[in-house]
Amino acid sequence: MVRNKETKVADETTEERIKNAARIVFYKKGYAGTRTRDIAEEADINLALLNYYFRSKKKLFDIIMI
């Protein structure tokens, strides 16, 4: 789902937003080039919220790539 940062999808949960953003950023930058801050910015959330849902970049990567 493509999402403009000004237009938020109401039925998408925060966890889904993070996963979708992570897919986009990992695809663009690869695992090594991606920072959790990049994912948080793409999902339009703060970094602490991303860390609350997915404790690490590795854990998030493993979840979305399996």
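Everything discussed here concerns the structure shown above.
## What about the overall build of the protein?
What the protein contains, in helices and strands, is four helices and zero strands. Sequence-ordered secondary structure for the protein, helices as α and strands as β, is α-α-α-α. Looking at the protein residue by residue over its 66 residues, the buried ones come to 29%. Pairs at least 24 apart in sequence give 52% of the contacts found in the protein among residues at least 6 apart. Carbon and sulfur atoms form 53% of the exposed surface of the protein, whose accessible area is close to 4,500 Å².

## Looking at the nonpolar core
Judged by nonpolar contacts, the single largest core of 13 residues is most densely connected at Ile18, Ala22, Ile39, Ile45, Leu50 and Leu60. For this core, the secondary structure elements donating two or more residues are helix H1 (14–33), helix H2 (36–43) and helix H4 (57–65). The element contributing the most residues to this core is H1, with five residues. Sequence-distant contacts of Ile18, defined by excluding residues within four places in its chain, comprise Ile39, Ala43, Ile45, Leu49, Leu50, Tyr53, Phe54 and Leu60.

## Quick look at unusual backbone geometry
A positive phi angle, near 60 degrees, is found at Asp44, a position not held by glycine. Following the sequence through the fold, Asp44 ends up in the loop between H2 and helix H3 (47–53).

## What to know about the packing of aromatic side chains
Counting across every chain of the model gives five aromatic pairs. Aromatic side chains Phe26 and Tyr31 sit 6.0 Å apart centroid to centroid with 20 degrees between the ring planes, which places their arrangement in the stacked category. Ring centres of Tyr31 and Phe61 lie 5.0 Å apart, and the angle between their planes is 65 degrees; this geometry places the pair in the edge-to-face category. Of the two residues, Tyr31 is situated in helix H1 and Phe61 in helix H4; the sequence distance between them amounts to 30 residues. Overall, Tyr31 belongs to the partly exposed group, its relative accessible area being 33%. With relative accessibility at 24%, the residue Phe61 sits in the partly exposed group. What links up through ring pairs into an aromatic cluster is the set Phe26, Tyr31 and Phe61. If you follow Lys57 out to its NZ or CZ, it ends over the ring of Tyr31, 4.2 Å from the centre.

## Description of the side chain of Glu12
Inspection of the secondary structure assignment puts Glu12 in the segment before H1. Within the structure, Glu12 has its side chain in polar contact with the side chain of Asn20 (distance 2.6 Å).

About the thresholds
- Residues numbered from 1 in each chain as written.
- Predicted model: local features only at pLDDT ≥ 70, side-chain atom pairs only at ≥ 80, totals over all residues.
- Heavy atoms only, no water.
- Helix = DSSP H or I, 4+ residues; strand = E, 2+ residues; numbered from the N terminus.
- Buried < 20%, exposed > 50% of the residue type's maximum accessible area, 1.4 Å probe, protein only.
- Contact = heavy atoms within 4.5 Å.
- Areas by Shrake-Rupley, 256 points an atom, 1.4 Å probe, with all protein chains shown as cover.
- Core = buried A, V, L, I, M, F, W, Y, C linked by side-chain atoms within 4.5 Å.
- Phe/Tyr/Trp six-rings, centres within 6.5 Å; stacked < 30°, edge-to-face > 60°.
- Lys NZ or Arg CZ within 6 Å of the ring centre and 35° of its normal.
- Polar contact = N/O pair within 3.5 Å; in protein donor to acceptor, adjacent residues only side chain to side chain.

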